[in-house]
Amino acid sequence: MTDAAVTMPVSGPDLDRQSASRFTRLVASPAFQKWAARFPLTRRLVRSEGHAMFDLVAGFCHSQVLYTLVALDIPKLLLVHELPLSTLAVQGRMPPDRMAVLLSAAGALGLLKQRKSGLYALTTRGAALAGVPGLAGMIAHHDVLYRDLSDPVAFFRGEVDTELADFWPYVFGAGAATNPDSAAKYSRLMADSQLLVADDTLAAVDFRGVTRLMDVGGGTGAFLAAVGAAYPKLAMTLFDLPAVVPAAQDRFGAADMTNRVQIVPGSFRDQPLPQGADMISLVRVLYDHSDETVADLLAAAYAALPTGGRIVISEPMTGGAAPHRAGDAYFAIYCMAMRTGRARSADRIAALLQQAGFSSLRLPKAARPFITSVVEGVR
Ligand SMILES: C[S@@+](CC[C@H](N)C(=O)[O-])C[C@H]1O[C@@H](n2cnc3c(N)ncnc32)[C@H](O)[C@@H]1O
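Scoring rules and cut-offs
- Residues numbered from 1 in each chain as written.
- Predicted model: local features only at pLDDT ≥ 70, side-chain atom pairs only at ≥ 80, totals over all residues.
- Helix = DSSP H or I, 4+ residues; strand = E, 2+ residues; numbered from the N terminus.
- Buried ≥ 20, exposed ≤ 12 C-beta atoms within 10 Å, placed from the backbone.
- Contact = placed C-beta atoms within 7 Å.
- Near = placed C-beta within 6 Å.
- Nonpolar A, V, L, I, M, F, W, Y, C, P; charged D, E, K, R; others polar.
- Pairing = 2+ DSSP bridges.
- Axes fitted to C-alpha atoms, helices over the stretch in contact; angles between N-to-C directions.
- UniProt positions renumbered as here; feature names shortened; annotations may be inferred.
- Right-handed = clockwise from strand over helix to strand, strands pointing away.

Going by what an unreviewed UniProt entry lists, the protein chain is known as Hydroxyneurosporene methyltransferase and is assigned to Yoonia vestfoldensis SKA53.

Shown next as structure tokens:
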């Protein structure tokens, strides 16, 4: 572990600083804490702050409980049958007393419940682990992120050669993503989780009046398939790396959309984007890349659109001046582990769009910022 406990000197000619407020220092003092915990008007607040703090302290254990349930396929099993401890212990290849600890932890986290009969069942929240598309896959691939974060101080200092970047090989350039196996692995995870992203994007954006939608970095076509189903007259273009797009043919074939979709393999780093679309979508693409790559990509999108053409950015975003948990305490860290990308606020994305020449920017409030947020612009 990095020596994190050392006190950093907080002095220097450039350092802008101001003493912490007297109130903050008062609240932090043990005497105040003790008094406030007993005083009727503050007692409740102190307790709820205590619970919230303890949740932060223990959060990493919660994540590991979640990970273990998924790794052992327990949610999937319990979706079919309610089961006794003995069966679950066999499934997990662990002694029953250790499985009982795992199951109680999952119970405490609201994922499972034990019936009076002794059988274990999923709660509504636990059922999401088995039913929400892409959720289990996302939890399962966090083993990589846990390793990257095992020395978090070194991680934040930028001293860790993170593994997560290898899971998404294209971040180092299209040439790194020619391996169909690794493209299949990341594409599956993306496609599985796309359903909810597509739902929220469809709710936030009006596609009426669009003749051809081009989805750049559209993976295996899950987003286009969802938009195409909602707008049956829409023509579509899918643009993604050559190692990725072949899998899209099956999806469009199964959805009976082959005639409406043009698939163009290529890299936006090395070639202009195809012309002909009056709307371009970039779904979970910008956050993988540096500001420079994004500026080039948005300029290419501007060049490919006609006057009046629209651009839609849909991806998880940070809260900017008002940080929020999903964007700032998860996606920003995830993107940092990928080394090349960054989670951005809607305002920052709007500024990048403006720099590329787009105007009439729209930043609708996200219904579920942990799924996606949207920014729209017009050429
Ligand atoms: C995080 S995935 C998102 C996929 C899809 N839009 C979705 O939301 O499910 C990023 C996508 O961008 C594609 N991509 C990355 N670099 C690219 C490049 N240089 N040219 C074209 N596509 C690229 C990847 O292959 C991948 O499909």
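## Describing the overall build of the protein chain
What the protein chain contains, in helices and strands, is 17 helices and nine strands. Overall size of the protein chain, expressed as C-alpha extent along the three principal axes, is 65 × 65 × 40 Å. Residues classed as buried in the protein chain amount to 31% of the 379 residues present. For the protein chain, the proportion of contacts with a sequence separation of at least 24, taken over those separated by at least 6, is 67%.

## Some details on the site of the ligand
The ligand sits among 20 residues. The nearest are M190, G217, G219, S267 and R284. Of all the secondary-structure elements, those providing two or more residues to the shell around the ligand are α12 (180-204) and α13 (222-230). For the shell around the ligand, the element with the highest residue contribution is α12, accounting for three residues. A per-class count over the shell around the ligand returns 11 nonpolar, five polar and four charged.

## Considerations on the sheet that holds strand β4 (residues 235-240)
Strand order in this open sheet of seven strands is β5-β4-β3-β6-β7-β9-β8, and the pairing throughout is mixed. Because the sheet does not close on itself, it has two edges, and the strands there are β5 (261-265) and β8 (359-362). This sheet shows a mean twist of 15° between the axes of neighbouring strands, independent of strand direction. Of the pairings in the sheet, the one linking β8 to strand β9 (residues 373-378) comprises two bridges and is antiparallel in character. Residue pairing across strands places S359 opposite V378, the latter belonging to β9. The sheet strands contacting helix α17 (residues 346-356) are β7 (310-315), β8 and β9, and the helix crosses β9 at an angle near 20°.

## Description of the UniProt feature "domain: O-methyltransferase dimerisation" (unreviewed entry) in the protein chain
Those residues carrying the UniProt feature "domain: O-methyltransferase dimerisation" (unreviewed entry) are residues 55-129 in this numbering. For the annotated span residues 55-129, helix accounts for 68% and strand for 8% of the residues, and the straight-line distance between the end C-alpha atoms is 20 Å.

## Some points on the pairing of β5
As defined by bridge partners, β4 adjoins β5 across five bridges and the pair is classed as parallel. Of the residues in β5, the one forming a bridge with F239 is V264. The parallel pair β4 and β5, bridged by helix α14 (residues 246-254), forms a crossover whose chirality is right-handed.

## Quick notes on the environment of R98
Tracing the backbone through its elements, the reader meets R98 in helix α6 (residues 96-108). For R98, a count of 11 C-beta atoms within 10 Å puts it in the exposed group.

## With respect to the pairing of β9
Successive side chains on a regular strand alternate, one facing one side of the sheet and the next facing the other. Most of β9 is tucked away: five of the six residues are buried. With six bridges connecting them, β7 and β9 associate as antiparallel partners. For E315, the partnering residue across the bridge sits in β9 and is S373.

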